[in-house]
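Structure at a glance
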Protein chains: 2
Amino acid sequence: MTDVIAMGKAAKQAAFILSQLSQQQKNKALQQIADQLEQQQDRILQANAKDIEIAQQAGLSEAIIDRLLLTPDRLKSIANDVRHVISLADPVGKLIDGGVLDSGLKLERVRVPLGVIGTIYEARPNVTIDVASLCLKTGNAVILRGGKETQYSNKVLVEVVQSALEQTGLPKEAVQAITDPNREFVMQLLKLDRYVDMIIPRGGAGLHELCKQHATIPVIVGGIGVCHTFVEQSADQNKALFIIDNAKTQRPSTCNTLETLLVQASIANQFLPKLAEHLKAKQVKFHADSAALLILQQAGANVQPVQDQELRQEWLSKDLNVVIVKDIEQAIEHIREYGSQHSEAILTESQKLAQQFVSQVDAAAVYVNASTRFTDGGQFGLGAEVAVSTQKLHARGPMGLEALTTYKWIATGDYVSRA
Amino acid sequence: MTDVIAMGKAAKQAAFILSQLSQQQKNKALQQIADQLEQQQDRILQANAKDIEIAQQAGLSEAIIDRLLLTPDRLKSIANDVRHVISLADPVGKLIDGGVLDSGLKLERVRVPLGVIGTIYEARPNVTIDVASLCLKTGNAVILRGGKETQYSNKVLVEVVQSALEQTGLPKEAVQAITDPNREFVMQLLKLDRYVDMIIPRGGAGLHELCKQHATIPVIVGGIGVCHTFVEQSADQNKALFIIDNAKTQRPSTCNTLETLLVQASIANQFLPKLAEHLKAKQVKFHADSAALLILQQAGANVQPVQDQELRQEWLSKDLNVVIVKDIEQAIEHIREYGSQHSEAILTESQKLAQQFVSQVDAAAVYVNASTRFTDGGQFGLGAEVAVSTQKLHARGPMGLEALTTYKWIATGDYVSRA
């Protein structure tokens, strides 16, 4: 019987213990988790086979089934990801700033864990281990709620983690999972503000919206990238082709993928045929506004008219919207209307226009002459990625380990009163 | 007719303009606001007189009426607070960190305004100007919703601000107020996630709870301080008396005021009579657990038994709970159960126990041998205070101007693709 309140209470207790651990103690537990994932491979793959069977019977798509699937290689890679987390620096205990106030009070701001994290995610069993290890590394307890498609895999994965925790003397309630697929438990988790400090959804727009609407706990909204690249008339057009190619086709299913290309009208006739030619081998399908449509059709591209709704969504595929804009103001205006504040790029040789774009475009990451594909905790040198926030909270864009911490003000004096 | 959605849309447009302003331009507008507040004194005081009259007719308490009241002196002081904000450094545009990635991409993290702030507050007209000036300083637009008790004052104050904005060429929608007292508009504001980036409630526990329950926007919860001070047996008892006096009586209505004193059992018989004696002249009324009750009664103190519920609330008056604990573990346990994660203090001569307390007590501010009254943006050297967060978001404790900003990642390259 799932009792979410009891889970929250136990998580809070565990969080207290975790917050007191040394980096070494946390790393020892992570090491044990990595080892156990490999040693208990058979048990994990058996449970996963059950999820796969159910998914196949339910007629889920090949793509989803592939996301669910664990193999010996994938499990080894998940274990190695845990080992990578061990190698990262622990932000907890880090002194952010400090000084002595006029009153003589010595004031320090020190990083501490957030406490208890709630994570709601979809059909990816690797997220279970990923989130658990990042939370553990930063001294946070976590309550996991994975998609019902991975319930058998998740159940065993969490058992493996919990037994590793116990083997290293840590409370198993540091990592708990709600495996009952009843949706009611998601609602309960979202309202568990008494025990849970932050909700991190990992999934599509619908999941983020659900969390935003129902949570009484701060939610990190993000991960939805309706990303643009604006080709300004001074851009080096040959180099621009490679940036667009990379941003669109390198891994189309990611949130930092280019979805809408904005091309300045003055170069559209010249540039779009080159683009059609360059992307032909990559099977990119264009969705163009009326002006771009004509040019792309004449260039023999695979193109159809774009719908307004298509400009507001992620394709997550090799589809690319193309819109012709008069100038940088119109490009920025378009991004303000259609963007998701994730990653936006300008390609230009003009320092002045680059500066204008960077200043006026409101997004977590803004690029000049680079691919939007760089918006990623690993690429940004954060070592890991918990989520990509598109909220204007104090954590924005790729969130590394530090984003799983807050701080505490510590004030020390010699019996100091306020004047 | 109040149209909250239209206000949100206009605020977002204004925020775009504000985000592009120089420090000088913003300060010019603030200067104009300060001057206009003084020049339009008569109009403001007339509107305020109307609020006061209604409050008197409604039989509101003297304390509340005093909070509502504006006088020439108070208005001058509000104008001077705006001038103080001018003198503060603008965090917007500040480079947080940066470097060149392996890919050759130059990455910078730069402070930018949050965008649009929604503030819901109670019967204090000074908050209207306070929040408006702090938001303006940091390039944020704001939608204000003050208590119905100040509706006439707020209406005129916002008109004064808006005309000052227009006189300096800024959009008046940068500062808007919902003055219609219908509560429905609060609900609409809390769900305006399309346009509003953050909600900052300023008021009591009920208001914070309302915002937490209904907002689809991140809420800064805080300002509720059930603060403790633990007198450990090694503490210098004579010095401790002055700290407790300061923490309880200096300004009892504030959130950083001491509410519950925890005294180690081994010194209770010796220390509590001294405390009763010391606080007698200050009219402190004690609410004691059964063990402390006896000692305080024998010492002739004004004391009565404490109820469990009283240990969970703010007195906001010269009432002080007294609880005897066996040791530091029991003190920390009590704080975990009853505290509001605001400000907690230990008085001790033991470095080891001080360290244990600081590490194990989970609060925005933790004190060693100092009064909890220091938890304040001004005292902490932040120059201003937007709110005191007791959430474990990325902003915790006193929030200064920086807490009204987020950051943007800016990446510049020479046509760089992701490998």
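As recorded in an unreviewed UniProt entry, chain A goes by the name Gamma-glutamyl phosphate reductase, listed as coming from Lonepinella koalarum. Database annotation for chain A, UniProt heading Sequence similarities (unreviewed entry): "Belongs to the gamma-glutamyl phosphate reductase family." The Function (unreviewed entry) field of the UniProt record for chain A holds the comment "Catalyzes the NADPH-dependent reduction of L-glutamate 5-phosphate into L-glutamate 5-semialdehyde and phosphate. The product spontaneously undergoes cyclization to form 1-pyrroline-5-carboxylate."

**Regarding the overall build of chain A**
Counting its regular elements, chain A contains 14 helices and 16 strands. What you see for chain A is a C-alpha radius of gyration of 24 Å, in line with the 22 Å of a compact globule of 419 residues. Expressed along its principal axes, the backbone C-alpha trace of chain A runs to roughly 70 × 70 × 35 Å. Here chain A holds 419 residues, and 59% of them are scored as buried. Taking as baseline every contact in chain A between residues at least 6 positions apart, the subset at least 24 positions apart corresponds to 72%. Carbon and sulfur atoms form 48% of the exposed surface of chain A, whose accessible area is close to 16100 Å². Separation of charge centres in chain A, based on 42 positive and 46 negative side chains, amounts to 3 Å.

**A word on the interface of chain A and chain B**
With 77 residues of chain A at the contact, the number on the chain B side is 77 residues. Taken over both partners, the interface formed by chain A and chain B buries close to 6700 Å², and the fraction arising from carbon and sulfur atoms is 51%. When the buried surface of chain A facing chain B is broken down by residue, A:His394, A:Tyr415 and A:Arg418 rank first, second and third, together holding 16% of it. Linking chain A with chain B are two salt bridges, by the criterion used here.

**Notes on the pairing of strand E8 (residues 258–264) of chain B**
Residue and element names in this part refer to chain B. Where burial is concerned, most of E8 is hidden: seven out of the seven residues are buried. Relative to E8, strand E7 (residues 227–231) runs parallel, the two sharing five bridges. Following the sheet pairing, Phe 230 is matched in E8 by Leu 262. As for the winding sense of the linkage, the β-α-β connection from E7 through helix H10 (residues 237–249) to E8 is right-handed. By the bridge criterion, five bridges tie E8 to strand E11 (residues 319–325) in an arrangement that is parallel. Looking across to E11, one finds that Leu 262 is bridged to Val 323.

**What to know about the state of the cysteines**
Enumeration over the complete set of coordinates arrives at zero disulfides over all chains. For A:Cys211, which is in no disulfide, the shortest distance to another cysteine sulfur is to A:Cys135 and amounts to 15 Å. A relative accessible area of 0% places A:Cys211 in the buried class. Distance from the sulfur of B:Cys227, which forms no disulfide, to the nearest cysteine sulfur (B:Cys255) is 7.0 Å.

**With respect to the UniProt feature "coiled-coil region" (unreviewed entry) in chain A**
Residues given the UniProt feature "coiled-coil region" (unreviewed entry) here are residues 20–50 of chain A. Taken end to end, residues 20–50 of chain A comprises 87% helix and 0% strand; its first and last C-alpha atoms sit 39 Å apart.

**Some remarks on the sheet that holds strand E12 (residues 343–347) of chain B**
If you walk across this open sheet you meet the ten strands as E1(A)-E2(A)-E16(A)-E13(B)-E12(B)-E7(B)-E8(B)-E11(B)-E9(B)-E10(B), and the pairing is mixed. Bordering the open sheet on either side are strand E1 (95–100) of chain A together with strand E10 (303–305) of chain B, each of which pairs with just one other strand. Between one strand axis and the next, the sheet turns through 25° on average, direction left out of account. Taken together, the four bridges between strand E9 (residues 285–288) of chain B and E11(B) define a ladder with parallel strand orientation. Residue pairing across strands places B:Lys285 opposite B:Asp319, the latter belonging to E11(B). Packing against the sheet, helix H11 (residues 265–280) of chain B makes contact with E7, E8, E9 and E11 of chain B, and its axis sits at approximately 140° to E8(B).

**Here we look at the environment of B:Pro125**
Residues and elements named next belong to chain B. Its place among the elements puts Pro 125 in helix H6 (residues 125–137). For Pro 125, a relative accessible area of 1% corresponds to the buried category. Residues Pro 125 and Phe 185, spaced 60 residues apart in sequence, show a C-alpha to C-alpha distance of 19 Å. Not counting residues up to four positions away in its chain, the partners in contact with Pro 125 are Asn 48, Arg 67, Leu 68, Leu 70, Thr 150, Ser 153, Asn 154 and Leu 157.

**Brief notes about the UniProt feature "domain: Aldehyde dehydrogenase" (unreviewed entry) in chain A**
The UniProt entry lists residues 3–289 of chain A under the feature "domain: Aldehyde dehydrogenase" (unreviewed entry), expressed in the numbering used here. What you have in residues 3–289 of chain A is 52% helix and 17% strand, and the ends, taken at the C-alpha atoms, are 52 Å apart.

**Examining the relation of the copies chain A and chain B**
When chain A is fitted to chain B, the best match, at an RMSD of 0.0 Å, comes from turning it 180° and sliding it 0.0 Å along the axis. Accordingly, the operation relating the two chain copies is best matched by a two-fold axis. Both copies contact each other with a shared surface, as 100% of the interface residues of chain A are interface residues in chain B too.

Rules used in this analysis
- Residues numbered from 1 in each chain as written.
- Chains lettered and ligands numbered in written order.
- Predicted model: local features only at pLDDT ≥ 70, side-chain atom pairs only at ≥ 80, totals over all residues.
- Heavy atoms only, no water.
- UniProt positions renumbered as here; feature names shortened; annotations may be inferred.
- Helix = DSSP H or I, 4+ residues; strand = E, 2+ residues; numbered from the N terminus.
- Rg over C-alpha atoms; globule rule 2.2 N^0.38 Å.
- Buried < 20%, exposed > 50% of the residue type's maximum accessible area, 1.4 Å probe, protein only.
- Contact = heavy atoms within 4.5 Å.
- Areas by Shrake-Rupley, 256 points an atom, 1.4 Å probe, with all protein chains shown as cover.
- Lys, Arg positive; Asp, Glu negative; His and termini not counted.
- Charge placed at Lys NZ, Arg CZ, Asp CG, Glu CD.
- Buried area = accessible area lost by both parts, 1.4 Å probe.
- Salt bridge = Lys/Arg side-chain N within 4 Å of Asp/Glu carboxyl O.
- Pairing = 2+ DSSP bridges.
- Right-handed = clockwise from strand over helix to strand, strands pointing away.
- Disulfide = S-S within 2.5 Å.
- Axes fitted to C-alpha atoms, helices over the stretch in contact; angles between N-to-C directions.
- Least-squares fit on C-alpha atoms with pLDDT ≥ 70 in both.

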